[in-house]
Amino acid sequence: MYFFVRFKMTSNTALLNGGMDVKRMNGGPSHNSTQGNKLHEESDENKGCCGCTCLKKVSNAIVSGLEKSFYRIGKLVARNPWKTIFTCIVVCCVAGIGLMRWHEETEYVKVWLPRGSRMFEEDLWVKANFPERIRYEAVIIEDENVLSPQTLNAMFDIFKTAQNFKIEDGSSLEHLCIKAGPICRVNSILELWGYNETVIRSLTEDVIFKTVNQDVIQSPLYRNEIDLEKILGGIQRDNESRIISARATTFFWFIKRNDSSVASAEEWEKQLIELINDVGHKHIDQMYIYTARTFDDAIMGAASHDVGLLTIGFAFVYLFLTFSIGNYSLLEHKIFLAMSGLLSIGMAIIFTYGVGLGTGIMFGPIHQITPFMLLGIGVDDMFVIVESLRQLTPKERQLPVQERIGLTLKHAGVSITVTSVTDIVAFGIGGSTVIPSLSTFCMYAAIGVLALYILQATFFVACVTLDEQRIDSKRNACLLCYKHDDNYKPSKHYSFSLQYTFMRNIWGPFLTKIPVKIIVILVAVAMTGVNIWSFIRIKHDFDPSMYLPKDSYSQKYVEADRNYFPNDGAFVQMYCGKLDYRQNFNRLHELYNLIKDKPSVQSTTVDFWLASFVKWQNETSNSAISHTITNQSQDISVVPYQQDLLHQLMKFLGTEDGRVYWRYIKFDDLTNPTKIVGSVLTFRHVKCTTSICNIKAMDDMRELVDSFSFPGGGTCFVYSNPQYMFNETNKVLKLELYRNLALAAICVFVVTLILIANFWTSILVFICVVCTVIDVAGTMQFWDISVDTASSVLLILCFGLAVDYSAHIGHSFMTHTGSKNERTRKTLVSMGPAVFSGGFSTFLAFLLLVNSISYGFTLFFRIFTSVVIFGLFHGLVFLPVILSLIGPAPYNTNFLSETDKLEAKYSEAADIALRVHNGDINEVEMKELYPLKKAVNGSIKDNGLFWKEFDSSVPGNNFERCNSLPNSQCALEVSGSNDNNPRYSGSYYEQMSNGSLVQIPFPESHIPFTTKDNV
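All figures in this text were calculated on a predicted structure; none of them were measured in a lab.

A.B. asks: How would you explain the overall build of the chain if you had to name every residue and give the values?
C.D. replies: Across its full length, the chain holds 31 helices and 25 strands. Counting over 1015 residues, the chain shows a buried share of 56%. For the chain, restricting intrachain contacts to residue pairs at least 6 apart in sequence, the fraction spanning at least 24 positions comes to 77%. As displayed, the chain offers around 43600 Å² of accessible surface, 57% of which is attributable to carbon and sulfur atoms.

So, in structure tokens, the structure goes:
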């Protein structure tokens, strides 16, 4: 009788009994099967590559060195798991001491202003000479007609209540406010009636109409001219252009800004916020408020809300890890291993922040996203390590734990090294950017990836060791104190994995079909083209108001302000230093007129003490100025002066019209001034809606003022905090973004070239990473995201995450033999589940942020979702297709996977017929057959092997070495009569759940129980 068996053969030895010689008979073909030829070709190609390429030799040396090093590290950690865990915890705790220096820098100059910007020196000069000492509190009143007596009376009620707020420390607005003379300065429409309660309570529509339609309107309190267009919104006019109603008006309070009164000022602001938002007024439709504390309160409130969502998201990640890295049995669940993986990421975060803060690296608001980046990278590395453990051969699984862990890290170490080193180098180079926050973020990211890399290879591997020891001792996965007996058997499908099954049976075969390949390439090219077009059109702008939470009172204020006061552009100051003001008096007045004539400037907002001084001089004869000068706003005594200009100026500053300018002029000595050392001119730009417009307005003003010369020396400069600072950042942001992306791309290519050890594979990985970043950048416009500081940081992060998806696939492809399609399918089975799990777990962490009230977290969700989608597309769809078409030859046998090392030993294959006699087992005849489409028993031939799923329920299939392995599939099939109870011996191939092939020798001769024996 005949039994048909499919084996891979050497030229002289069949895989029978570990290498039993066989006799060739009947003059069959000399092993010239198609598969054999392919193996010959790829082997020759690989040898040629190794022999002629210096890069290949260097790369092989690096990879070989890394594998040996990781093997030794793995064994060392496995011998001392508890010592390793304790050491890692101690090191991270010591690094965490740096957290005691925690300080989050929020000052824009230090966080976002580009290094080398002229505004550094300008800002220092302003702070030294005209420090900002005001907290601005703004309220918008909205009503059907804010000029009605009823609404004005309601506004006075608000004003009066705010004036009488009681602070816990006993202070009041009287102590906190900036004063103009004896009263607190408050700007509103009520100024027109001097905040006189008797007058305001008796107002009529006719009186109001006449007051607001005067030719020149001057504040009776502060003596400045009032432009009603600036304090009234939604103005309605009659046929003669007279104001008849308005939909909105404003309140502005001015509070002192100093360290001693911060708590009192914030308490007063809190009461004002409650009055406007919660109490309101029955005669006012709507009120909106924005105070000095609003931005921080809004951001912190949104962060607190979204941190809860992130916590739930991390819980999702933990559950996914638990079910993904373990099997469905009481022994092989990985509950504690998943927990230890997340703990290693937490330790990396502590180490990163501790080292960064301890060494004085600035920590800013954007640095708070570092943990999320480390989560995405860390989870990927965890999956790679666990999958390497799963892919150990049955023979390797029988080795001691130390050997298993050494082999696991040997296989996984190179893969995580490729991605980690690429990230570290890319972030390290990104640290050279001129924007401080971007630079320091890249430093923190580089430190974090390095810490994570080391902890995954030590702490997590030590935890894997303990988990393996637990399994070997048959301890329950949940109740460690409970030990199962030797008779415990898991369920039949305990190792079932949907991802492996999908990759092996559906995705791999589907993706290697020619029509599918064509469609994938066309889709990838079209998608990249559309996103390049989209990215070219994307806006480059930074609008801080976007970071205010949706539906918050702060966001509502911003919307109302833009609706009713759309022409209010940036507030700008022109500062002049030590000039000879007597000699340059006319030159300064000329500059004042030039500024007013600028198209980008609202001429009615230009306010200069010198112009008001000239006007006062023209209106008042010198002979009339003989009275004693008094100064109600400054506690100083004034003496006669020799300098005529100073003498007259001091008199002007003592008048009602001039006293408001005291804070715009700095003298060398207040008690006995001899000269002016600084002065200020203020104005507002015309409203700009884009960063390009704002930058142009700034550059035009700088060009005008910088080019203006003054006899005797001295200069002036224009300054706006924060608008000009935003402009400075936006001005270089685009260039810096392109620079950092280009440098990151170069790093990706160079590092992958060295570590993947193949030029062509590195090119393909590089293309996939770049295409991923392009797709993410282009999608930003469809998400309605502009290029600003935060989105630029996240785009740089894209390289770190995108590398993981493609580099693992590229490296895995190089470790498999066979045809390009076969290698592609093997790669998807061996590495595809890990890559998908890493991406999906990253997505899970941020899934709940889809409806975040914070723009920052919404931005984070949108960009990271795009990275996951496009990264998985290029890693699991596009790159495998390209590799199946133009992928390079595999590594030499030193770097192949264990299965492919086995296959690479046999350059030829033959279908053989095995005749088994009833007598001595050694009486075996073999003859070669041409490749068959089907075996005699009808099983389908697949990739040169006859497969039939192992069925442990069939009596007689009692080989423990086969039964104990999951999803066993054997390449040995016996068909024919069982009358004489034949015996056979040999070895068979087994396909593990991860798709790897393993050669298993039969321990002894086997007597089949059934006609068709499935071993």
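A.B. asks: Can you explain the packing of aromatic side chains? Please cite residues and give values.
C.D. replies: According to the stated counting rule, one finds 40 aromatic pairs in the structure shown. Aromatic ring contacts, followed pair by pair, group Phe-585, Phe-613, Trp-616, Phe-652, Tyr-661 and Tyr-664 into a single cluster. Over the ring of Phe-254 we find Arg-185; its NZ or CZ atom is 6.0 Å from the centre of that ring. A cation over an aromatic ring shows up here: Arg-587 above the ring of Phe-708, its NZ or CZ 3.9 Å from the ring centre.

A.B. asks: Now, about the state of the cysteines: what can you tell me, with residues and values included?
C.D. replies: If you walk through the whole model with that rule in mind, you get three disulfides. The side chain of Cys-177 participates in a disulfide bridge whose partner is Cys-184; the two sulfur atoms lie 1.9 Å from each other. Its S-S torsion of about -70° marks the bond between Cys-177 and Cys-184 as left-handed, since a negative value means left-handed. For the pair Cys-177 and Cys-184, a shared accessibility class is recorded, and that class is buried. Residue Cys-688 pairs covalently with Cys-693 via a disulfide, S to S 2.0 Å. Judged by the sign of its S-S torsion, about -45°, the cystine formed by Cys-688 and Cys-693 is left-handed.

A.B. asks: Explain the environment of Ile-231 to me, using residue names and the numbers behind them.
C.D. replies: On the secondary structure map, Ile-231 appears in helix H10 (residues 228–231). Judged by relative accessible area, which is 13%, Ile-231 ranks as buried. Spatially, the C-alpha atom of Ile-231 lies 6.8 Å from that of Ser-188, the residues being 43 residues apart in sequence.

A.B. asks: Go over the environment of Trp-112, please, and point to the residues and values.
C.D. replies: Position of Trp-112 relative to the elements: it lies in the loop between helix H4 (108–111) and helix H5 (119–129). According to the relative accessible area criterion, Trp-112 is buried, its value standing at 10%. Apart from the residues within four sequence positions on either side, Trp-112 is in contact with Ile-366, Ile-435, Pro-436, Ser-437, Thr-729 and Thr-789.

A.B. asks: Residues and numbers for the pairing of strand S9 (residues 248–256), please.
C.D. replies: For a regular strand, the rule is simple: side chains alternate between the two faces of the sheet. For S9, the buried fraction is high: seven of the nine residues fall into the buried class. Note that strand S2 (residues 134–142) and S9 share nine bridges and pair antiparallel. Each bridged residue has a counterpart across the sheet, and for Ala-138 the counterpart in S9 is Phe-252. Relative to S9, strand S5 (residues 186–188) runs antiparallel, the two sharing three bridges. Across the sheet, residue Asn-187 finds its bridge partner in S9, namely Phe-252.

A.B. asks: So, the nonpolar core: which residues are in play, and what are the values?
C.D. replies: Grouped together as the largest cluster of nonpolar side chains are 251 residues, with contacts concentrated most on Ile-189, Leu-228, Phe-251, Trp-268, Ile-595 and Trp-609. Ignoring sequence-local partners within four residues, the contact set of Trp-609 consists of Tyr-581, Leu-649, Phe-652, Tyr-661, Tyr-664, Ile-665, Ile-676, Ser-679 and Val-680. Counting eight residues, the second largest nonpolar core, distinct from the first, contains Ala-248, Ala-560, Tyr-564 and Phe-565.

A.B. asks: Lay out the side chain of Arg-293 with the relevant residues and their values.
C.D. replies: Topologically, Arg-293 is positioned in the loop between strand S10 (286–290) and helix H12 (294–324). Leaving out residues up to four positions away in the same chain, Arg-293 has contacts with Arg-135, Glu-266, Glu-267, Glu-269, Lys-270 and Ile-273.

A.B. asks: Any chance you could break down helix H19 (residues 514–536) for me, citing the residues and the numbers?
C.D. replies: With 23 residues, H19 extends 34 Å between its outermost C-alpha atoms, agreeing within 8% with the 33 Å of an ideal straight helix rising 1.5 Å per residue. Three or more residues of H19 are buried, namely Val-516, Lys-517, Val-520, Ala-524, Thr-528, Asn-531, Ser-534 and Phe-535. Turning to H19, the residues buried within the fold contact helix H18 (498–511), helix H25 (723–756), helix H26 (759–782), helix H28 (820–846) and helix H29 (855–886).

A.B. asks: Requested: an account of the pattern of salt bridges, with residues and values cited.
C.D. replies: Scanning the entire structure with this criterion turns up 27 salt bridges. A salt bridge links Glu-387 to Arg-390; its shortest N-O distance comes to 3.4 Å. Note that Glu-387 and Arg-390 are positioned in helix H14 (residues 370–390) at a spacing of three residues, about one turn of the helix. Connected through shared salt-bridge partners, Lys-334, Arg-397, Arg-404, Asp-467, Glu-468, Arg-470 and Asp-472 make up one network.

A.B. asks: Describe the confidence of the model for the chain, with residues and values.
C.D. replies: Per-residue confidence for the chain averages 77 on the pLDDT scale, and 78% of its residues sit at or above 70. Highest mean pLDDT in the chain belongs to helix H3 (residues 81–95) (96); lowest belongs to strand S19 (residues 945–946) (31). Counting interchain partners and residues more than four positions distant, the pLDDT-below-50 stretch residues 622–643 has 30 contacts. Counting interchain partners and residues more than four positions distant, the pLDDT-below-50 stretch residues 902–1015 has 291 contacts.

A.B. asks: Go over helix H9 (residues 205–212), please, and point to the residues and values.
C.D. replies: Among the residues making up H9, those that are buried are Ile-208, Thr-211 and Val-212. Down the axis of H9, the buried side of the element spans an arc of 85°, and every buried residue falls inside it. Where the residues of H9 are buried, they touch helix H6 (149–163), H10 and strand S8 (243–245).

A.B. asks: Tell me about the side chain of Gln-573, residues and numbers included.
C.D. replies: When you line up the elements, Gln-573 lands in strand S11 (residues 568–576). Residue Gln-573 is classed as buried on the basis of its relative accessible area, which comes to 13%. The residues touching Gln-573, leaving out its near neighbours within four places in the chain, are Val-680, Leu-681, Thr-682, Phe-717, Val-718, Tyr-719 and Ser-720.

A.B. asks: How would you explain the packing of helix H16 (residues 401–430) against helix H17 (residues 436–472) if you had to name every residue and give the values?
C.D. replies: Helices that pack against each other are described as a pair by the angle of their axes relative to one another and the distance between those axes. In the contact formed by H16 and H17, the axes pass within 9 Å of each other and the chain directions differ by 170°. Considering the angle they form, H16 stands roughly antiparallel to H17. Split into classes, the residues belonging to the contact of H16 with H17 amount to 16 nonpolar, seven polar and four charged.

A.B. asks: Give me unusual backbone geometry: which residues, what numbers.
C.D. replies: Cis geometry is adopted by the peptide bond preceding Pro-722, which originates at Asn-721 and carries an omega value of 20°. Relative to the helices and strands, Pro-722 is located in the loop between strand S15 (716–719) and H25. You will see that Tyr-195, though not glycine, has its phi angle at about 55°, which is positive. The topology assignment puts Tyr-195 in the loop between S5 and helix H8 (197–201). Backbone geometry places Ser-241, a non-glycine residue, at a positive phi of 65°. You can see Ser-241 is positioned in the loop between strand S7 (236–237) and S8. A residue is classified by how much of its surface remains accessible, and Ser-241, at 49% relative accessible area, is partly exposed.

A.B. asks: Give a detailed account of the pairing of S15, specifying residues and quantitative values.
C.D. replies: Side chains Cys-716 and Val-718 project from S15 onto one buried face, and the interleaved Phe-717 and Tyr-719 project onto a second face that is buried too. Pairing geometry for S11 and S15, over four bridges, is antiparallel. For Tyr-575, the partnering residue across the bridge sits in S15 and is Phe-717.

A.B. asks: So what about the packing of H28 against H29? Which residues, and what values?
C.D. replies: One can describe the packing of H28 onto H29 by two numbers: an axis separation of 10 Å at closest approach and a directional angle of 180°. With respect to H29, the axis of H28 lies roughly antiparallel. Contact residues: H28 offers Lys-820, Asn-821, Thr-824, Leu-828, Gly-832, Val-835, Phe-836, Gly-839, Thr-842, Phe-843 and Phe-846, while H29 offers Phe-860, Phe-861, Phe-864, Thr-865, Val-868, Leu-872, Leu-876, Pro-880, Leu-883, Ser-884, Leu-885 and Ile-886. Its residues assigned to classes, the contact of H28 with H29 comprises 15 nonpolar, seven polar and one charged.

A.B. asks: How would you summarise the environment of Arg-237 if you had to cite specific residues and measurements?
C.D. replies: The topology assignment puts Arg-237 in strand S7. Of the polar contacts made by the side chain of Arg-237, one reaches the side chain of Glu-229; its length is 2.7 Å. In this structure the side chain of Arg-237 is engaged in a polar contact, spanning 2.8 Å, whose partner is the backbone oxygen of Ser-241.

Definitions and limits used
- Residues numbered from 1 in each chain as written.
- Predicted model: local features only at pLDDT ≥ 70, side-chain atom pairs only at ≥ 80, totals over all residues.
- Heavy atoms only, no water.
- Helix = DSSP H or I, 4+ residues; strand = E, 2+ residues; numbered from the N terminus.
- Buried < 20%, exposed > 50% of the residue type's maximum accessible area, 1.4 Å probe, protein only.
- Contact = heavy atoms within 4.5 Å.
- Areas by Shrake-Rupley, 256 points an atom, 1.4 Å probe, with all protein chains shown as cover.
- Phe/Tyr/Trp six-rings, centres within 6.5 Å; stacked < 30°, edge-to-face > 60°.
- Lys NZ or Arg CZ within 6 Å of the ring centre and 35° of its normal.
- Disulfide = S-S within 2.5 Å.
- Pairing = 2+ DSSP bridges.
- Core = buried A, V, L, I, M, F, W, Y, C linked by side-chain atoms within 4.5 Å.
- Expected span 1.5 Å × (residues − 1).
- Salt bridge = Lys/Arg side-chain N within 4 Å of Asp/Glu carboxyl O.
- pLDDT = per-residue confidence, 0-100.
- Arc of directions from axis to C-beta.
- Axes fitted to C-alpha atoms, helices over the stretch in contact; angles between N-to-C directions.
- Parallel < 35°, antiparallel > 145°, perpendicular 65-115°, else oblique.
- Nonpolar A, V, L, I, M, F, W, Y, C, P; charged D, E, K, R; others polar.
- Polar contact = N/O pair within 3.5 Å; in protein donor to acceptor, adjacent residues only side chain to side chain.

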